[in-house]
Each structure stands twice: as structure tokens, then as C-alpha cells.
Amino acid sequence: MSRTASSTVALASLLLGAGATWLGAFGVGTVPPVGRLLSPAVGLWTAARDDLPREAVGRIPGLTDDVDVRYDQRSVPHIFAATDLDAVRAMGYVVARDRLFQLELQARAGEGTLTELVGDAALSVDQETRRLGMPRAAEQRWATADTTGQLGRVLMAYAEGINAYRAALPVSQYPVEYKLLNRAPREWQPVHSLHLFNRMGFTLAHNPVELRLLRARALIGDRAARDLFDSDSPVQEPIQPNGRATPRDALLALTPPGNGDTLAVRLLSLLRQPDAIPASPLQFARDRADHAADAETHTSRAFASNNWAVGPARSANGHALLAGDPHLELTLPSIWYEVHLVVPGVLDVGGVTIPGLPGVTIGYTRDFAWSFTNTGADVMDFWQESVNDARTPSLYQLDGAMVRFVDTRIELYRNKRGDVIAVDTVYYTHRGPMHRQGTQWLSMRWTVLEAGEELLGFFAGIKATDASAFLDSMARYYKAPAQNIIVADTAGTIAIRSTGMYPIRADSARGMDIRDGRTRATDWIGVRTVAQYPQSVNPAQGYLASANQQPVDPQRDPLYLGVDSHFEIWRALQINRLLRADSAMTPERMGRLHTDPGSVRADRLMPYLLYAARAQMRNGDSTASLRHAEALLARWDRRYTRDNTAAVLFEAAIRQTSTMLYDELLAPATGTAASLPSESRLLQLFADSTNVWWDDRRTADTREIRDVVVARALATAYDSLTKQYGNPAETPWTWSRVAHARPRHVLGLEGFSAPPTPIDGGRGTLNPSVGSRRATFGASWRMVADLGPVPQIRAVYPGGQSGNPGSPRYLDRLAMWGNGQLDSVRTPRTAADLAPADTRATLMLTR
């Protein structure tokens, strides 16, 4: 069967599933005319094709010279241009060629105009976006930008490339999503890139923990709540090495739960917590209950990542080695697009870009390679404002006077026809956007709204020649979202720096309280200097690693960047354990670490489950459920392999234990916990078997201890799983049944989503998986760089370069990703260096 014929058959089956999902998610009223959809000339069937012709020519009016684009057999475009701006124009063109619908969808998500593309279903997402002030920040950044400066010229060049492709695209070749929505691609404006960057800021730096602490204070008292949520992690393997050969554990005191703090109860009664917004606005039609359930299965931060580097003294070949794998929403098409740019004597850079952002976000040059993890710092604060009119304010109180708002914006939300479907008024104090919560008005300051020049850091950084110069270039421009940037170079240097804008609060206060807005004394008083950022260059231990853990050990440096509930401990412990154990690391072993199924988390927590079960059985608790659960866990090697049969039980038991342990945090109205502390607190309480926290205050006549609660949780989890999955002796609870990966289409269309893909990994491993029926979270890009004299790069991501569901390039990388394999990346210096046998297609771009 020909490639085109097989694509037609594949798309036919995809459309059957997509149609059913479409009707369920958006309603019959939004379905475009059926005749047009089925038209052989312009309908859905035109997507069933090989969308990368062997030879093609394109025109971009702004080019200064021809650009030669060669696609290798991995469908990666290698762009050979005479100037860096021509390379950016060509980049816009090739990204649009493969990802045109994704470009628009992601930009609209940051602009708050999704309803204009997909209809009313996206209204709540757009409202959240605009109330956070994101569109205004991007518009102001572009309005004040120097269009003759580098940032302005880069953004305009990128837009020129996108629009050149869009203008020449016939209706018959519109991406299938536009045909389903009965829409046409809109013109790309330079500001759209800034909207998209703000959207990434929301994804990585939106974490309003103040309300979580407030709810806890209202239930258990101020001191107890702060011990649980507003404190440092008792387990430390920080990003900036603390000089210890093993992790530092500290048994911190925990205040017993008490009565609710009266001030917190009063304030909470005045505030109405907004509905939860999905972490990814691109899948706005998903069930929110699903999202909430999934969020519980990873960390308090919805997104996690790993990166690490090994110095020459600890590598087998004497080269510095670097690895990185950002964990994000697994979407189709992927959040990433792979590209390689060459301008002789100016730049030679490859890696992945986010469609809509010019430049390479994670990648490599001839001199170094770099990657990111999310810092998870506390960069968002709230102030309770006093206004002159509770319904339609025009003034707010500040230092004894009533002052006017900095800005007032009327936000109009329109549907696909252009009709206004909702109206908001967003007020701006000197701190930032203000909106009403219940009967109160809260203003917000957020570093994401003050960013915008980060692209300049990337363009300066990729022209550096060593690791330190790259980090310094980034630090000059990079504010948000704060990232742990790791880099290794061909000279053997490894370095890491937690780069971003970190606020300094008045009186050295932490950022966990809603502040009094009536005085400037509660404002931020500055930001941290680069010298204060957690960082390390060529440490004595010979390696560096970050995995969203606390950046610096508070016993060595009390610098406040966030609290325990912002960070995650397990993967950092696992990476460091593996790197300590290997003094002759190879690139191949670096690649295998991405999907290593080992878990410090299971090693540290599981013994307590077994001990409790055996203690209770010795004390006469001989229920069949507890016996079977103990036997199943006892046989487990604590590795999250896809065919293991005990990890499902372990995860369910830990969740059930946390629910029973923190009964004091159950909301009276719903009986469910609005939020739980990080698992470092659970580890701490596991080590203290009679701590009062183990007592269930709902059983007044009995005081429970750890072993009673844990054994009860284990038996309950076993019974629940038996009901859900059947008797494990007859239908084994294999991990792949629950924790497979499944990248979903950006509109949530079932027929355009990937099939379930079994993987190795789970909570606490370097390949965390969701472990639910949506399974859309994981390693969005994996890369290993061997920084020898000629760098060797291996990489993969789940999906394919094409955004067309009917293309053979839509899912061609998924199997390799699922099996933990990496592909060899091509790095030709000139167009002639890419062998004819490795050239899949050519594209000549001219004026």
C-alpha cells in the first residue's frame, strides 16, 4: 500500500472517532456544513496525504537572500540562511507548514480569545487568562518595543515567515481542525508570540498557594497549617550542592492540629475560590473532575522535569555529558517542534522550539548544550484592597489616600460569529490586575506580567562559545517563568543556575499570606541579584541535577524562593543516587536513565506499609484483604516496570493513607481534602508512629496510631482496586493497564489522539506517569548530549513533526519514545553535508 493510500485509510478511521467526540464536546450547533466537510476538493479527505513533498518552493517577501531548507529522514528541517533574520523568517515558514493550527490555538490561549476560534466552551479559560492580566501585559510589551531593535525585528521576521506560508495556502490544504471548526487561519501578528510566551508562564509559574494555606489555617489553625504548607522540605538534595555525600533528612517538629484560626475563617468566608482551570487550555473540553483526579497523582506542581550533567572526570569518554527531559502535557501535535538553523559564521543551533516562539528553546550548538527544569518558585502574591465602591470601584486606598486605578480594561468575549457573549471589567492597581473574590477585591503582582525580553537572552545565548557565557546571556534578559538552566560545553564545564526574577518581600516576609493592600509597606521591595541565584559550576561531586526540588539547602542559605509545597523531592533523590553510583557514565546509560523504573519514593515509603500490615496481622487483624495486599507488596521489587503488578496497589495505598491521615483537612461541606501537603510531610510522619496527626478526630473514643491507619488504608485500597480491576490472581493489576501514556489531540478529539502506549516509570521515578485513564502527562522531549570535540546529540519526543492527523509524520516517533529509545540527531554544517540518502525533502525559499 502506498504512503498516501495508507494515510487515507488511517484518516478514515480517525474521523469516525473524531466526529463522535466533536458532537459530545461542542454540541451539534457548532458543526460546520457536512457537505463541505465531505467535499473531495476542500473537505477532510484532503488531509489524508504525505504532507512533505519531495521538492517544494516557497516565497517570503522579506527575505534578503534565498534560504535552502533540507528535511532529513526524521523530518527535521535544516535551515541554511545568509542572515539570522532570514533564518528566523524561514523558521516561521516551516513551523507554519507543519503546525499552522497549533500556532493559532496556542497564541489565542495566551490572548484570551479561544472562544472566537472554538466557541463558548472556552469561555471560562479565556476569562481566567484576561483576569490574570496576560493579554494586557503582552500588548503593552509590544506597544513599547523598539521595532527597529533586535526583539522587534525577530518577532516581525518570524511573523513574515508564518504569513507567507498562510497566504499561499489553498483552502483545500487548510489543517483539518480549521475545517471541523469552519474557520480560516488568521494573520499572525508579532504580539501573538508574546501572548504564547505568557501562556507558558501560566503553565509553569501560576501557583496561588495563598488560598491553599488560608483554607488549611481555617481548618487546623495558623501554626499547624504553616508547619504543613509554609515551611522548607525536611529532605534536601538541592540544586545547588550542599556539600553532603548523601541527602540530608531532618525530623522537623509538626504542631498538632487545632481549631481553625478565626481570622482565616473570617477571610475565607469573604473570598470565593474560583473554579479550577485546566492546566492546559488547549484541552478545555476535558472533564474537570478528570483533571482534578489526575493532579492528585503527581505533585503539588502540575508539571515536572529533569535535567542533569556529568563532568569529564565521571564520564567514560572524558567528555561532559548532559541530559534533559521537560515533563509537560502530552499533546498532539507535540508542544515541541524540532529544527536546526545555520547561518555561516553567525549561528549553528539545533533542538526544539515551541511553535509560535522564534528561536530554539532547548538544544545544542557546536560548543555546548542546555536544558531546563521549572524552578517552581513563589513569584505570585495577592493583596486585599479597600475600594470606594464594592460593585463598581474607581478608587483604591493607598497610604491613607484614595487613588485612581492605573488602568481599567473592558474585556469583551466574542464567539465565532463575532457576537459578544460576555463582558468583564479588569481593574489594575500599581501592583497588577485586581478582581473580585466573593465580597473582596484582590490585586496581584506576578513576575510573568513583567517579563517579555527573554527571547533576547536566547538569541544572545546561542552565540556564546561556552557554558558560563550562555548562562550570563540568559541572566541579562530572563525574568519568567523562572527556570533551572543547566549547560555543559565542549571544554568540559558543567553548570547550573536557577534563573529568573525572584521578589524580595517587605521585612523578609515569605509569600504565603494575602497581604494588606492599603499600604505600600507590604509591596515587593526589590528582586534577587544574579549572585543570589542558586547555582554551581564544576562542583567537586562531578555532577549536577535538578528535578523541581528546593534549589538551595535552607540550613546553608535561608534565601526564600518558595516553600516545601512548591517543590518535589523524589526524582532529585533518584537522579543523584544513580549519578553517585556511576563514576564512568556513558551517553547510552544517560539515555537509559530517562526511563529508569527505580524509585526512591517506593524504597522510602513501602517499608512502612509492610511493617504496618505485619504488625496488625500479629495483633489479630487477619482480614483476607490485608493478607493479600501484604503478600502482593512483599513480592514487588519497587520498580515501576510496565508489567509489574504491585505498583497500582502501592499508589492506591499511599493515596488512601494520605486521605485518612489528613482527616483534619477535610472540608466540612464536601468531606474531601481541598489540598494535601507534600509527601515529604508524609515521610516525616511515617517515621513518627504515635504522632497525634495519625489520630482520626472523627473517632472520639479511639486514638489511632500509624500502623492502624496504614493497615486500614492498605486493605481499603486493595478492596477498591479489586472492585475496579478484578481479582489480581485472575486479572493481574499490571502497571501498563493504569499508567500507560496517551498524548491527546489539542482539541481533545478522541480519533486524533494517540493509542495507549505502555511505559516504564511512575511517581518518584525519572519517568513519572499520570496513572489514570487520561494519561497525558510525561516527558515531552528527551535529549542526551555528548560534548566531545564534535558534539553528538540523541533525542526523541512523543508524536511527530506534522500536525496533520492524516500524515505518516503525525505519530512516527511515539513508539521509539514509549520504548525509551533515542534517535541520532543530524547536525550538518552545510546543505551538502546532509547525504542524499538522508534527505527526505527539500524546500527552496526565495523572495
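For the structure, check the block above.
Draft legend 1. Focus on helix H22 (residues 706-725). If you check H22, its first and last C-alpha atoms are 28 Å apart, about what 20 residues at 1.5 Å a residue would give, namely 28 Å. For H22, every residue scored as buried is listed here: Arg706, Asp707, Val709, Val710, Ala711, Ala713, Leu714, Ala715, Ala717, Tyr718, Leu721 and Tyr725. Lining the buried residues of H22 we find helix H18 (600-618), helix H19 (624-634), helix H20 (647-661), helix H21 (679-686) and helix H23 (735-738). At the exit of H22 stands Gly726, carrying a positive phi of roughly 95°.

Draft legend 2. Region of the structure containing unusual backbone geometry. The amide bond that connects Leu332 to the next residue, Pro333, takes the cis arrangement and shows omega of -5°. On the secondary structure map, Pro333 appears in the loop between strand E8 (331-332) and strand E9 (337-343). A cis amide bond links Ala480 with the next residue in sequence, Pro481, at an omega value of -10°. Relative to the helices and strands, Pro481 is located in the loop between helix H15 (467-477) and strand E20 (483-489). We note that Ser75 has phi near 70°; this positive angle belongs to a residue other than glycine. Turning to its location among the elements, Ser75 is positioned in the loop between strand E2 (67-72) and strand E3 (77-80).

Draft legend 3. The arrangement of the environment of Leu151 in detail. With respect to the helices and strands, the residue Leu151 is situated in helix H7 (residues 150-168). The spacing of Leu151 and Pro190 is 39 residues in sequence and 9.9 Å in space, taken between C-alpha atoms. Not counting residues within four places of it along the chain, the set of residues in contact with Leu151 comprises Gly452, Glu453, Leu455 and Leu456.

Draft legend 4. Fine view of the nonpolar core. Grouped together as the largest cluster of nonpolar side chains are 112 residues, with contacts concentrated most on Ile79, Trp370, Phe470 and Leu845. Residue contributions to this core peak at 15 residues, all from helix H3 (residues 84-111). The residues contacting Ile79, other than those within four sequence positions of it, are Val67, Asp68, Val69, Ala87, Ala90, Met91, Val94, Val339, His340, Leu341 and Val342. Ranked by size, the runner-up nonpolar core spans 62 residues in total, among them Met606, Leu610, Ala613 and Trp733.

Draft legend 5. Local environment of the sheet that holds strand E12 (residues 368-374). Read across the open sheet, the 11 strands follow the order E1-E32-E2-E3-E9-E10-E11-E12-E20-E21-E25; overall the sheet is mixed. In this open sheet, the two edge strands, each paired with only one partner strand, are strand E1 (55-59) and strand E25 (535-537). The average undirected angle you get between the axes of adjacent strands in this sheet is 20°. Note that E9 and strand E10 (residues 347-353) share seven bridges and pair antiparallel. Looking at the pairing, Tyr337 lines up with Thr353 of E10.

Draft legend 6. Highlighting the sheet that holds strand E19 (residues 440-446). On the basis of which strands lie adjacent, the open sheet formed by six strands has the order E16-E17-E18-E19-E13-E23 and mixed pairing. Each having just a single partner strand, strand E16 (407-414) and strand E23 (515-516) make up the two edges of the open sheet. Pairing geometry for strand E17 (residues 420-428) and strand E18 (residues 433-437), over two bridges, is antiparallel. What sits directly across from Tyr427, in E18, is Met434.

Draft legend 7. A look at H15. Listing the buried residues of H15 in full gives Ala467, Phe470, Leu471, Ser473, Met474 and Ala475. Among the structural elements, E12, helix H14 (454-461), E20 and strand E21 (494-499) are those in contact with the buried residues of H15. Measuring from the side-chain oxygen of the N-cap residue of H15 to the backbone nitrogen of Ser468 gives 3.2 Å; that N-cap residue is Asp466.

Draft legend 8. Examining the side chain of Thr839 more closely. The topology assignment puts Thr839 in strand E32 (residues 839-846). Only 2.9 Å separates the side chain of Thr839 from the backbone oxygen of Ala835, close enough to count as a polar contact. Not counting chain neighbours up to four residues away, the residues in contact with Thr839 comprise Arg54, Tyr71, Gln73 and Leu834.

Draft legend 9. How the structure looks around the packing of aromatic side chains. What the rule picks out here adds up to 20 aromatic pairs. Here the aromatic residues Tyr396, Phe405, Tyr427 and Trp441 are joined through ring pairs into a cluster of three or more.

Draft legend 10. Highlighting the pairing of E1. Alternating residues of E1 divide into Ala56 and Gly58, all buried, and Glu55, Val57 and Arg59, none buried. The pairing of E1 with E32 spans five bridges and is classified as parallel. For Val57, the partnering residue across the bridge sits in E32 and is Met844.

Draft legend 11. Inspection of the packing of H20 against H22 at higher detail. Taken N-terminus to C-terminus, the directions of H20 and H22 make an angle of 130°; their axes are 8 Å apart at the nearest point. As summarised for this structure, H20 and H22 are arranged oblique, according to the angle between their axes. For the element pair H20 and H22, the recorded crossing hand is right-handed. Residues Val648, Leu649, Ala652, Ala653, Gln656, Thr657, Met660 and Leu661 of H20 form the contact with H22, whose own contacting residues are Val709, Val710, Arg712, Ala713, Leu714, Thr716, Ala717, Tyr718, Leu721 and Tyr725.

Reading guide: rules and limits
Residues numbered from 1 in each chain as written. Predicted model: local features only at pLDDT ≥ 70, side-chain atom pairs only at ≥ 80, totals over all residues. Heavy atoms only, no water. Helix = DSSP H or I, 4+ residues; strand = E, 2+ residues; numbered from the N terminus. Expected span 1.5 Å × (residues − 1). Buried < 20%, exposed > 50% of the residue type's maximum accessible area, 1.4 Å probe, protein only. Contact = heavy atoms within 4.5 Å. Core = buried A, V, L, I, M, F, W, Y, C linked by side-chain atoms within 4.5 Å. Pairing = 2+ DSSP bridges. Axes fitted to C-alpha atoms, helices over the stretch in contact; angles between N-to-C directions. Polar contact = N/O pair within 3.5 Å; in protein donor to acceptor, adjacent residues only side chain to side chain. Phe/Tyr/Trp six-rings, centres within 6.5 Å; stacked < 30°, edge-to-face > 60°. Parallel < 35°, antiparallel > 145°, perpendicular 65-115°, else oblique. Left-handed = near helix turned anticlockwise from the far one by under 90°.

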